[in-house]
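Geometric and topological summary
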Amino acid sequence: MREPKPLVSAEELEALIQGWGAVPSQSVDKFFPARFFYAFLMILIAALWLLFDSASAAKMLSPDPVNQARLQNFLYLRGWFMLSALTVGSYSYLRNWYPAIVFSAALVVGLTNLVSDIFTVYPERLANPTPFFTVFLLMRLVLLWVFYMAIKNASRMPEIKDRTNLLLPFKRSH
């Protein structure tokens, strides 16, 4: 029995996603590097915090020692996962390696993790929210919005040489 041929190749899927919402006359998205830098920085800080201080994060989320031990292991693993995803996402963005597909996957994983965390990690915090916790949730939502904008504007990404230029909005040549 023959193996079925995929309906769409990875290259075709990338071209379809990149063209989503694009208008031919649109210019380069000059704020793409700034949004990428924000996402990179937030994910890196969170991943390092979870890797090196998952015990304090677990204590913040639950007063129960048994639950803290479970959360500490879970958050440590989440830190490694975030660091791995950050590496793949950065490589994808900087090398133009299917960035729309990678950012789409990051958005789906981020939304799934947020919903999962609301029911498994945050129930005790949601019962007694603090301003820090509220800001933390807002930062997660802004990060998800950044991934959505990255997918929407994938066809308007700057040239590879300009992808790390945070001063791109002030550059006149675009």
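Residues numbered from 1 in each chain as written. Predicted model: local features only at pLDDT ≥ 70, side-chain atom pairs only at ≥ 80, totals over all residues. Heavy atoms only, no water.

Take the pattern of salt bridges next. The tally for this structure, following the rule as stated, stands at 5 salt bridges. One salt bridge connects D162 with K161, and the closest N-O pair in it is separated by 3.6 Å. Put simply, D162 and K171 hold a salt bridge, and the shortest N to O gap is 3.2 Å. For D162, a relative accessible area of 4% puts it in the buried group. Beyond isolated ion pairs, a larger network of salt bridges with shared partners links R78, D117 and R140. (Salt bridge = Lys/Arg side-chain N within 4 Å of Asp/Glu carboxyl O. Buried < 20%, exposed > 50% of the residue type's maximum accessible area, 1.4 Å probe, protein only.)

Looking at the element boundaries, D29 is found in the loop between α1 (10-18) and α2 (32-52). Among the residues examined, D29 registers a relative accessible area of 4% and is labelled buried. Among the polar contacts made by the side chain of D29, one reaches the main-chain amide nitrogen of F31 at a distance of 3.2 Å. (Helix = DSSP H or I, 4+ residues; strand = E, 2+ residues; numbered from the N terminus. Polar contact = N/O pair within 3.5 Å; in protein donor to acceptor, adjacent residues only side chain to side chain.)

Here we come to a nonpolar patch on the surface. A cluster of nonpolar side chains, namely L7, V8, L13 and L16, defines an oily patch on the protein surface of about 430 Å² accessible area. Assignment of secondary structure puts L16 in helix α1. Given the relative accessible area of 58%, L16 is considered exposed. (Patch = residues over 30% accessible without salt bridge, like charges linked within 9 Å, V, L, I, M, F, W, Y side chains within 5 Å. Areas by Shrake-Rupley, 256 points an atom, 1.4 Å probe, with all protein chains shown as cover.)

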